[in-house]
Amino acid sequence: MTVYGQSDRSLLRDLGQRLKQARLRQNLSQEQLAQRAGLSRATISEYERGSSTSTMTLVQVLRALGLLDELASFVAEPGPSPLDLARRQGRGRQRATGRRGAPPDDGEEIDPW
């Protein structure tokens, strides 16, 4: 089943379980993780059970687990579109774009073509 076929509650439970497994891989108790994250042990427990919590809590938990860089994979930086890539394929940039209509620094006119 894809994530789109899962309910929101189910997705939160899965996220909680993944965070719990990350905590256990680092051999941390809920109390230790809570101290590192500046949260209560009850909040960590709720998160691991799939309770709805804030995005700030997620950031704090990921930071405490050393997994904050994983947050970047949630929403990737947009790259060039496939159409842009196809247009550029095999061709590098040939020249810099100058300011049109601006006189050259030394006062000499340069033909842009």
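Going by the structure above, here's the rest.
Just so you know, these numbers come straight off a predicted model, no measurement behind them.

(A) Up close: the overall build of the protein. When its secondary structure is counted, the protein shows five helices and zero strands. Helices and strands appear in the protein in the N-to-C order α-α-α-α-α. In the protein, which comprises 113 residues, the share counted as buried stands at 20%. Expressed as a percentage of contacts within the protein between residues at least 6 apart in sequence, the contacts between residues at least 24 apart total 45%. For the protein, the accessible surface area stands at approximately 9,300 Å², while carbon and sulfur atoms represent 51% of it.

(B) Quick look at the side chain of threonine 57. Structurally, threonine 57 is set in helix α4 (residues 55-64). The exposure class assigned to threonine 57 is buried, which follows from its relative accessible area of 10%. Here threonine 57 is in contact with Leu39, Thr43 and Tyr47, once residues within four sequence places are set aside.

(C) Inspection of the nonpolar core at higher detail. One finds Leu19, Leu33, Leu39, Ile44, Leu58, Val61 and Leu65 to be the most contacted residues of the largest nonpolar core, which totals 14 residues. Mapped by element, the contributors of at least two residues to this core are α1 (8-25), α2 (30-37), α3 (41-49) and α4. If sequence neighbours within four positions are ignored, leucine 58 has contacts with Leu15, Leu19, Tyr47, Leu71 and Phe74.

(D) Layout of unusual backbone geometry. One non-glycine residue, asparagine 27, lies in positive phi territory at about 55°. Along the chain, asparagine 27 turns up in the loop between α1 and α2. Taking the relative accessible area as the measure of exposure, asparagine 27 reaches 67% and is therefore exposed.

(E) How the structure looks around the environment of serine 51. Mapped onto the elements, serine 51 comes out in the loop between α3 and α4. Along the backbone, serine 51 and arginine 9 are 42 residues apart, and their C-alpha atoms lie at a distance of 8.0 Å.

(F) Molecular detail of a nonpolar patch on the surface. A contiguous nonpolar surface patch, about 360 Å² in accessible area, is contributed by Val3, Tyr4 and Leu11. With respect to the secondary-structure elements, leucine 11 resides in helix α1. Owing to a relative accessible area of 30%, leucine 11 belongs among the partly exposed residues under this scheme.

So, how was this worked out
Residues numbered from 1 in each chain as written. Predicted model: local features only at pLDDT ≥ 70, side-chain atom pairs only at ≥ 80, totals over all residues. Heavy atoms only, no water. Helix = DSSP H or I, 4+ residues; strand = E, 2+ residues; numbered from the N terminus. Buried < 20%, exposed > 50% of the residue type's maximum accessible area, 1.4 Å probe, protein only. Contact = heavy atoms within 4.5 Å. Areas by Shrake-Rupley, 256 points an atom, 1.4 Å probe, with all protein chains shown as cover. Core = buried A, V, L, I, M, F, W, Y, C linked by side-chain atoms within 4.5 Å. Patch = residues over 30% accessible without salt bridge, like charges linked within 9 Å, V, L, I, M, F, W, Y side chains within 5 Å. Salt bridge = Lys/Arg side-chain N within 4 Å of Asp/Glu carboxyl O.

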